[in-house]
Amino acid sequence: MTYYGGNFDMREWLNIVGDKPIKWIKEKTPSPYYTDVMTFDTETTSYIAGKNDSSKNGKCAFVYIWQMCINGKIYYGRTIDEFFQMLIKIKQMRILGNHKKGKFVIYVHNLSFDFQFLRNMMGWTNVFAMKERDIIRATYLDMFEFRCSYKLTNKNLETIGKEIGTEKKVGELDYRTIRTPATALTPIEMEYCAYDVIVLHEYVKQLLKSYTYTNIPMTSTGFVRQETRTIIRQSGEWEKVRKIVRECSITDPTQYNILKSAFSGGFTHANYKYVGQTLENVKSWDISSSYPTRFLSEKFPYQFREFNDLTQWKNFINDGFAVYGIFVLENVQQKSNHSVISYHKCLRVKKARIDNGRIMEAEKIAICATDVDIQTWSQFYNFNIKCLKGYWAKYDYLPKSLITAVYTFYQKKTKLKGITGEEQSYLLAKQCVNGLYGMCVTDILRDNTTFTQIGNISKWGTEPPVDRNKKLTKYANNKNSFLLYQWGVWITAYSRRELLTVVEKIGNDVIYCDTDSVKILNAENYNHIIADYNNRITARIKTCLRAVGLPENWNTAVDKHGYTHDLGIFDDDGSYNYFKTLGAKRYIYTDSSGDLHATVAGCPKKLMVAELTRQGKNDTKKIFSAFNENFRITLNDMQKYDTPEYMKMGIKCKHTHTYIDDTPHTIYVNDESVTTGYGVYLELAPFSMKWSELYEKLMRGEIVYRDTTISTDTVTQRIFSVLADTANESS
């Protein structure tokens, strides 16, 4: 690597390149992009401005150094204006070199953060964001296309560095120090800054061995779509799959919104009878690739039709058809300790008892659901049910080529793991396996996020689809569409069913569940249940493979050592000496070696382990006692961990992000004038684990009922209200 900077003067870089035209390298095939590898990053200071400054709530933030890697050379600058001048210079040189067309791609890891500071530069167009401040791509001066590498990988920079063999520097920069563009940085600090763009530069270089800027997708799910499309086309089934999508995609907005409301993620819950208890000898089982397994083991719905006679919906289920719609459940009563119906997915509830976001019992609930959900709920509740609006479809296996794609990714991931020289291929296969489900449930009717910039003022906005029917129809007719939204809804429904079927058979010895794993007591009594599940899912996969004409042994893959890995079975995930949960996404345990582990939503794992160890004075009994509903990490305690020493140990603190939307202005930091404006103010966030009032009452044995409207899905709410009023009038 060549470095231009240190205590950087922008003129140094300008003197190096001068006004000579640079021969930028263009992609060989027709393309709007140059092949130069460019990566960018900033380091920022958060500061409380003085009383006379106009910064929001006194909080402001500014860049004190930025770094950019261009084809292996590192360039530094100290202000956003210097970066602006650098881009202007590159643009001028391109014109001097008679390269009047073409764009440069600049990758930024977590573009959403850096873009908030770059908003201080005028000239942004084509800002593409999933939602406000959640940016995937943005174009500057019609020439520089900034892309988010975090969206591309779904990994932090430290993980990427380890995977590609160029590790990020950790703990060399003390973020507590107030720095300005005039602050001198040490060689170690400069190297830390450099490696943030070096790691990303090396990753993009490896990526360009297999892709070009034209076909590198914008998100990790895009990789999966590209690879899957290729396999389907190579199979000769592309036109067959396209015909399915054209004919079976849902194009009616009401029908689509009810299906969208029926979609739900993985089941994560704690058995409330064990919450707060320290348990011994706990066993954990984990399903191997649960979501990908459903592609190879289940039948899925194709073309939906609305019921002409709503009284017939149960008959359709009994006859083997897929069904979904809006249902009303009455006199809902639990059969065990396990509550599985999501309270937050309900459109209405009447006189309901709630267990940490799950329905225990209710006089009445209204909810959107599939036939798979209803069958799952029937294992855990007694209830009466009626359908207010519903749809039915035939079940069938997925297209042979799509199943081939799923197995291909799983087989490559297993085979290539740990093989030198195959790192990029392994990462791509792993990304495809993990992203298969995500590409199926991308919301077709997502609101459009807008970004407008007039002068130095910019703002975000949201625009719902003007014509929802047209947008759904456009997806169905799009020549690149190869998936049905309903397939994704059924994948998660099937995964919940499979997990919960095992939970129902084991019963109240199940302590905790999380999407594809169960943690249980008295495991020796239930080995036959796990074995039965494994045999059953293996048989179902083989039945599917035979039916579509694929090899039956595609339920397994072989690693580099020759070991076989079965798809979809429960794997032994270890035994715990001690285990304690305080609810969903809140548990700790010691493994068979006595090492402490923690999974607590909102708190980094290693930070939680370190603080529990401190509070418990390294005594296991005291540690588990300290982990309770009143556990907290104060701001003072958090500050002790926010040091380079702890960062090097992998302990990271959580920060609150305050977005500052001020136009550029001057503030004074230690008598030094600094330009600030748009930015992100970061501050340490204390952590607390207080139970909700409702959950606390449940833990005390109090019986509390709720009557309320829950779902934030306003479209489906309106649909339900009309149906409910009609039903009341006719009754």
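Heads up: the structure comes first, above all this text.
Treat the numbers as computed from the prediction; the structure is a model and nothing was measured.

Ordered in space as E12-E16-E13-E15-E14-E31, the six strands form an open sheet in which the pairing is antiparallel. The open sheet terminates on both sides in strands that have one partner only, identified here as strand E12 (305-306) and strand E31 (706-708). Note: strand E14 (residues 346-355) against strand E15 (residues 358-370), eight bridges, orientation antiparallel. When the bridges of E15 are listed, arginine 353 appears paired with glutamate 361.

Attention now goes to the packing of helix H8 (residues 238-248) against helix H15 (residues 468-477). In the contact formed by H8 and H15, the axes pass within 8 Å of each other and the chain directions differ by 165°. Relative to H15, the element H8 is oriented roughly antiparallel. Between H8 and H15 lies a crossing of left-handed hand. For the pair H8 and H15, contact is made by Arg242, Val245 and Arg246 and by Tyr475, Ala476 and Asn477, respectively. Taken together, the residues that form the contact of H8 with H15 break down as three nonpolar, one polar and two charged.

On to the pattern of salt bridges, then. Applying the stated criterion to the full structure yields 36 salt bridges. Among the ionic pairs, glutamate 132 bridges to arginine 133, the shortest N-O distance being 3.7 Å. The exposure class of arginine 133 is buried, given its relative accessible area of 16%. In this structure, arginine 700 engages glutamate 696 in a salt bridge whose closest nitrogen and oxygen atoms are separated by 3.5 Å. One salt-bridge network, in which partners are shared between bridges, spans Glu298, Arg497, Glu498, Arg536 and Arg540.

Moving on: the side chain of arginine 358. Take arginine 358: it is sitting in strand E15. Of the side chains with opposite charge, aspartate 355 comes closest to the buried, unpaired arginine 358, at an N-O distance of 8.1 Å. Residue contacts for arginine 358: discarding those within four places in its chain leaves Gly266, Phe267, Thr268, His269, Ser339, Val340, Ile341, Ser342, Tyr343 and Arg353.

A word on the environment of aspartate 619. Note that aspartate 619 resides in the loop between helix H18 (605-615) and helix H19 (620-626). Judged by its relative accessible area of 33%, aspartate 619 falls in the partly exposed class. A polar atom in the side chain of aspartate 619 sits 3.0 Å from the backbone nitrogen of lysine 622.

What follows deals with the state of the cysteines. For the structure shown, the criterion picks out zero disulfides. The thiol of cysteine 69 is not disulfide-bonded; the next cysteine sulfur, from cysteine 193, is found 14 Å away. With no disulfide of its own, cysteine 544 lies 14 Å from the sulfur of cysteine 440, the closest cysteine sulfur.

A word on the sheet that holds strand E26 (residues 596-600). Across a sheet, paired strands are connected by hydrogen bonds in the backbone, their directions being either parallel or antiparallel. Spatially, E9-E20-E21-E10-E24-E25-E26 is the arrangement adopted by the seven strands of the open sheet, whose pairing is antiparallel. On the outer flanks of this sheet lie strand E9 (268-270) and E26, each paired with one strand and no other. Across this sheet, the average inter-strand angle for adjacent strands is 30°, counted without regard to direction. Here strand E25 (residues 586-591) pairs with E26 via five bridges, running antiparallel. Paired with arginine 586 across the two strands is valine 600, which belongs to E26.

Scoring rules and cut-offs
Residues numbered from 1 in each chain as written. Predicted model: local features only at pLDDT ≥ 70, side-chain atom pairs only at ≥ 80, totals over all residues. Heavy atoms only, no water. Pairing = 2+ DSSP bridges. Helix = DSSP H or I, 4+ residues; strand = E, 2+ residues; numbered from the N terminus. Axes fitted to C-alpha atoms, helices over the stretch in contact; angles between N-to-C directions. Parallel < 35°, antiparallel > 145°, perpendicular 65-115°, else oblique. Left-handed = near helix turned anticlockwise from the far one by under 90°. Contact = heavy atoms within 4.5 Å. Nonpolar A, V, L, I, M, F, W, Y, C, P; charged D, E, K, R; others polar. Salt bridge = Lys/Arg side-chain N within 4 Å of Asp/Glu carboxyl O. Buried < 20%, exposed > 50% of the residue type's maximum accessible area, 1.4 Å probe, protein only. Lys, Arg positive; Asp, Glu negative; His and termini not counted. Polar contact = N/O pair within 3.5 Å; in protein donor to acceptor, adjacent residues only side chain to side chain. Disulfide = S-S within 2.5 Å.

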